[in-house]
Amino acid sequence: LIEFYMYRAQSEDSYYEANVNMANLAGVMWYLNHEVVGHYSVAGHCPIRKFNITRILRYRFRTRATPELHALGMNFGFRWAFDSGRCVGCGFKCIPCQK
């Protein structure tokens with residue numbers, strides 16, 4: 001059994017917690033620094049927050065590898081990057097892209 005935290009930068013809106021982007025804490029901080037508050041409206045003024053992000057949510061996860069993955073010495077399967085419901089950034093023809 002593996003237990004870990006995942007984080008999500010979000011506005012005050014509430015979303016169903018399925019198929020949302022999450023990251024480790026370092027990843028969320030990078031995202032906030034490079035893509036959320038990195039754009040200024042007028043030099044010297046406060047930055048405009050992308051997507052009205054105001055908070056970081058923390059979720060605790062517990063997971064266990066399937067017997068098949070465990071037999072291969074793996075705790076997780078392959079990672080597929082998805083955006084807008086389709087596989088992106090593969091660099092090769094991944095299984096989800098072929099469907």
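Above this text sits the structure in question.
Below or above, wherever it landed, is the structure these notes cover. (Residues numbered from 1 in each chain as written. Predicted model: local features only at pLDDT ≥ 70, side-chain atom pairs only at ≥ 80, totals over all residues. Heavy atoms only, no water.)

1. Regarding the overall build of the protein
The helix and strand tally for the protein stands at two helices and four strands. N-terminal to C-terminal, the α/β element order of the protein is β-α-β-α-β-β. Scored against the burial criterion, the 99 residues of the protein give a buried share of 14%. Sequence-distant contacts, at least 24 apart, represent 50% of the contacts inside the protein between residues at least 6 apart. Here the protein displays about 8300 Å² of accessible surface, and carbon together with sulfur accounts for 55% of that area. (Helix = DSSP H or I, 4+ residues; strand = E, 2+ residues; numbered from the N terminus. Buried < 20%, exposed > 50% of the residue type's maximum accessible area, 1.4 Å probe, protein only. Contact = heavy atoms within 4.5 Å. Areas by Shrake-Rupley, 256 points an atom, 1.4 Å probe, with all protein chains shown as cover.)

2. Points about a nonpolar patch on the surface
Together, L25, M29 and I56 give the surface a local cluster of nonpolar side chains, amounting to about 260 Å² of exposed area. Note that L25 resides in helix α1 (residues 25–36). Residue L25 is classed as partly exposed on the basis of its relative accessible area, which comes to 42%. (Patch = residues over 30% accessible without salt bridge, like charges linked within 9 Å, V, L, I, M, F, W, Y side chains within 5 Å. Salt bridge = Lys/Arg side-chain N within 4 Å of Asp/Glu carboxyl O.)

3. Description of unusual backbone geometry
With a phi angle near 60°, F51 is a residue other than glycine that sits in the positive phi range. Here F51 shows up in the loop between α1 and β2 (55–63). Residue F51 is classed as exposed on the basis of its relative accessible area of 57%. The backbone phi angle of N52 is positive, close to 55°, even though this residue is not glycine. Its place among the elements puts N52 in the loop between α1 and β2.

4. Some remarks on the packing of aromatic side chains
Using the criterion set out here, one finds two aromatic pairs in the structure. A ring pair is formed by F4 and F61, whose centres lie 5.9 Å apart and whose planes are at 15°; its orientation type is stacked. Of this pair, F4 sits in strand β1 (residues 2–10) while F61 sits in strand β2, and the two are 57 residues apart along the sequence. An aromatic cluster is built from F4, F61 and F76, whose rings are joined through pairwise contacts. One Lys or Arg, R8, reaches over the ring of Y15 and ends 5.4 Å from the middle of that ring. Between R58 and the ring centre of Y5, over which it is positioned, the NZ or CZ distance is 4.1 Å. (Phe/Tyr/Trp six-rings, centres within 6.5 Å; stacked < 30°, edge-to-face > 60°. Lys NZ or Arg CZ within 6 Å of the ring centre and 35° of its normal.)

5. With respect to the pattern of salt bridges
In total, this model carries three salt bridges according to the counting rule given. Salt-bridge contacts for R60 lead to E3; the nearest nitrogen and oxygen are separated by 3.9 Å. Of this pair, R60 sits in strand β2 while E3 sits in strand β1, and the two are 57 residues apart along the sequence. Residue classification places E3 among the partly exposed residues on the basis of a relative accessible area of 43%. Here the salt bridges do not stand alone but share partners, grouping E3, R60 and R62 into one network.

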